[in-house]
Amino acid sequence: MIDDRNVTAVRAEDESGSFGILTGHADLLTALNVSIVSWHGANDNARYCAVRRGVLSVTNGNEVAIATREAVPGDDLECLEQVVLAEFHKRLDAERASRTESLQLQMKTIRQIIRYLRPDRPGAIEGGP
C-alpha cells in the first residue's frame, strides 16, 4: 500500500489511453490497463508503480485511489521495468508449471476411466462396469 499525501499530479492509462489528474479533477472511476502509473509529489520527484490492471478512482477532486491485485512500486523507471519483467517471467513460468501438472492429472484420470470401462479388463461383467 502506498499512501502519499503530497501528490500534485498523477498519470495513468485506461482503455481510452493515457490521462493525467491534477488537483480539482472531476470525480472519476475507470479500469486501468496493464501499465505504469506515475505521480509527482510536492518536491517534484517522480514515483512509479507498475499495475497489472486495476480500478482508479478520483474523489472530491483531490483523493486518488487505485485498487489492484498486483502492483510493483519503484522510484527508478528503468529498474522498475527490469523488476517487473523478471516478476512477470517468474509468474509465467509458475503458471506454465501449474498448467502442465493439471494436464498430467487430467490425462491420468482419463486413463483410469478408460481402464475401468474397458470390457476386456479382468473381472469385468459383460454389459456392465
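Moving on, we come to the side chain of Asp14. Take Asp14: it is sitting in strand 1 (residues 7-14). No salt bridge is formed by the buried Asp14; its nearest oppositely charged neighbour, Arg11, is found at 10 Å. Those residues in contact with Asp14 that lie beyond four places of it in its chain are Phe19, Thr30, Ala31, Leu32 and Asn33.

This part covers the pattern of salt bridges. This model, assessed by the stated rule, comprises six salt bridges. Note that Arg52 is salt-bridged to Glu70, the shortest N-O span being 3.4 Å. Here the residue Arg52 occupies a position in strand 4 (residues 46-59), and Glu70 occupies one in the loop between strand 5 (63-67) and strand 6 (71-74), the gap between them amounting to 18 residues. Under the relative-accessibility criterion, Glu70 is labelled partly exposed at 22%. For the salt bridge of Arg91 with Glu87, the shortest nitrogen-to-oxygen distance reads 3.2 Å. One end of the pair, Arg91, and the other, Glu87, are both in helix 1 (residues 77-117), four residues apart, so they sit about a helical turn from each other. In this structure Arg91 comes out as partly exposed when scored by relative accessible area, which is 30%. Residue classification places Glu87 among the partly exposed positions, given a relative accessible area of 21%.

Counting eleven residues, the largest nonpolar core consists of Val10, Ala12, Phe19, Ile21, Leu32, Val37, Trp39, Cys49, Val51, Leu56 and Val58. The set of elements that each furnish at least two residues to this core consists of strand 1, strand 2 (17-22), strand 3 (28-41) and strand 4. If one sorts the elements of this core by residue count, strand 4 sits on top with four residues.

Attention now goes to the layout of surface pockets. Estimated volume of the largest pocket: approximately 810 Å³. Lining of the largest pocket is provided by 26 residues; of these, Ile2, Asp4, Val64, Ala65 and Ile66 occupy positions nearest its centre. Taken together, the elements giving at least two residues each to the lining of the largest pocket come down to strand 1, strand 2, strand 3, strand 4, strand 5 and strand 6.

The backbone of Arg53 sits at a positive phi, close to 70°, despite the residue not being glycine. Note on placement: Arg53 falls in strand 4. The phi dihedral of Asn60 is positive, around 55°, even though this residue is not glycine. Relative to the helices and strands, Asn60 resides in the loop between strand 4 and strand 5.

Calculation notes
- All residue numbers refer to position in the chain's written sequence, counted from 1.
- Per-residue local features of the predicted model are confined to residues with pLDDT of at least 70, and side-chain atom pairs are confined, for both listing and counting, to 80 or more; whole-chain, interface and lining totals are unaffected and use all residues.
- Only hydrogens and water are set aside when side-chain values are computed; all heavy atoms of the structure are taken into account.
- Numbering of helices and strands starts at the N terminus; helices are DSSP runs of H or I of at least 4 residues and strands are runs of E of at least 2.
- Exposure classes here rest on a 1.4 Å probe applied to the protein chains alone. A residue is buried below 20% of its type maximum, exposed above 50%, and partly exposed in between.
- Counted as positive: Lys and Arg. Counted as negative: Asp and Glu, with His and the chain ends omitted from the count.
- The rule for a salt bridge is simple: a side-chain nitrogen of Lys or Arg has to be within 4 Å of a carboxyl oxygen of Asp or Glu.
- Residue contacts follow a heavy-atom distance rule, with two residues in contact if any of their heavy atoms lie within 4.5 Å.
- Think of a nonpolar core as a cluster: buried Ala, Val, Leu, Ile, Met, Phe, Trp, Tyr and Cys residues, connected wherever their side-chain atoms sit within 4.5 Å.
- Both cavities and pockets are sets of points on a 1 Å grid over the protein atoms alone; in a cavity a 1.4 Å probe fits but cannot get out, in a pocket the set is open with protein on both sides within 12 Å along at least five of seven lines, and lining residues sit with an atom within 4 Å of a point.
- Grid points are joined across faces, edges and corners, and a volume is the space filled by probe spheres set on the points.

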